[in-house]
Amino acid sequence: MSTTDQTHRRATQLTLPLKYVGIIFMVAIVVNAVVIFFFRGSPFVYAVIPFNLAYIFSVAWLAKAAYSWFMAVITVLLTVFPVGVLIIMLLAYSRATKELKELGYKPSFSGNLKEI
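The structure displayed is predicted, hence computed values, not measured ones.

The rules behind the values
- Residues numbered from 1 in each chain as written.
- Predicted model: local features only at pLDDT ≥ 70, side-chain atom pairs only at ≥ 80, totals over all residues.
- Heavy atoms only, no water.
- Salt bridge = Lys/Arg side-chain N within 4 Å of Asp/Glu carboxyl O.
- Helix = DSSP H or I, 4+ residues; strand = E, 2+ residues; numbered from the N terminus.
- Buried < 20%, exposed > 50% of the residue type's maximum accessible area, 1.4 Å probe, protein only.
- Phe/Tyr/Trp six-rings, centres within 6.5 Å; stacked < 30°, edge-to-face > 60°.
- Core = buried A, V, L, I, M, F, W, Y, C linked by side-chain atoms within 4.5 Å.
- Axes fitted to C-alpha atoms, helices over the stretch in contact; angles between N-to-C directions.
- Parallel < 35°, antiparallel > 145°, perpendicular 65-115°, else oblique.
- Left-handed = near helix turned anticlockwise from the far one by under 90°.
- Contact = heavy atoms within 4.5 Å.
- Nonpolar A, V, L, I, M, F, W, Y, C, P; charged D, E, K, R; others polar.
- Polar contact = N/O pair within 3.5 Å; in protein donor to acceptor, adjacent residues only side chain to side chain.

1. Let's talk about the pattern of salt bridges
Here is step 1: Counting across every chain of the model gives one salt bridge.
Here is step 2: With a closest N to O distance of 2.7 Å, R10 and E99 form a salt bridge. One end of the pair, R10, is in helix α1 (residues 3-38); the other, E99, is in helix α4 (residues 82-103), with 89 residues separating them in the sequence.
Here is step 3: For R10, a relative accessible area of 22% puts it in the partly exposed group.

Dropping the structure here:
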């Protein structure tokens, strides 16, 4: 396997979680705001749980891609401390984009890779 193939494979491994973390983060924020605003005090507030879980697991996927399995496990365990998940998301996102730049790629908003 050539270095170019390995570089492109690593860039793809980093880009896919970056794409989904961004999408799920925005969706989770919107759903949380809408549901809590309109359904405060009713059982429909629990409708945000699947979106929040999707966000946590996508951040764990990004942490695994940028760091290791250990960081992914830490991310899931930090669900009781949401600020910790946000911090890990920012650290992993930063590391993944930095590594992509070093590999000579730039991710687009849609998750496609662009060579620099």
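Anyway, onward from the coordinates.
2. Structural notes on the packing of aromatic side chains
Here is step 1: Tallying each qualifying case throughout the model produces four aromatic pairs.
Here is step 2: Between F25 and Y55, the aromatic rings sit 5.4 Å apart at their centres with planes inclined by 40 degrees, giving tilted as the arrangement. Pair noted here: F25 is in helix α1 and Y55 is in helix α2 (residues 49-66), with a separation of 30 residues, a long-range link.
Here is step 3: The partly exposed category is assigned to F25, whose relative accessible area is 26%.

3. Considering the nonpolar core
Here is step 1: Membership of the largest hydrophobic core comes to 20 residues, with the highest contact counts inside it found for Y55, V59, L62, A96 and L100.
Here is step 2: Listing elements by their share of this core, those giving two or more residues are α1, α2 and α4.
Here is step 3: Take this core: its biggest share by element is seven residues, from α2.

4. Details of the packing of α2 against helix α3 (residues 69-77)
Here is step 1: Look at α2 against α3: their axes get within 7 Å of each other, and the N-to-C directions meet at 160 degrees. Between α2 and α3, the angle is such that the two are roughly antiparallel. The chirality of how α2 crosses α3 is right-handed. Packed against α2, whose contacting residues are I56, F57, V59, A60, A63 and K64, the element α3 presents W69, M71, A72, T75 and V76 at the interface.
Here is step 2: Taken together, the residues that form the contact of α2 with α3 break down as nine nonpolar, one polar and one charged.

5. Points about the side chain of T7
Here is step 1: Secondary-structure assignment places T7 in helix α1.
Here is step 2: Judged by relative accessible area, which is 17%, T7 ranks as buried.
Here is step 3: If sequence neighbours within four positions are ignored, T7 has contacts with L103 and Y105.

6. A short note on the packing of α2 against α4
Here is step 1: Running from N to C, α2 and α4 cross one another at 40 degrees; their axes reach a closest spacing of 9 Å. By the angle between their axes, α2 is oblique relative to α4. As for how α2 packs across α4, the hand of that crossing is left-handed. The segment α2 lies against α4, with Y55, I56, V59, L62, A63 and A66 engaging V85, L86, I88, M89, A92, Y93, R95 and A96.

7. Describing the side chain of E99
Here is step 1: Judged by its relative accessible area of 19%, E99 is buried.
Here is step 2: A distance of 2.7 Å separates a polar atom in the side chain of E99 from a polar atom in the side chain of R10.
Here is step 3: In contact with E99, other than residues within four places in its own chain, are R10 and L14.

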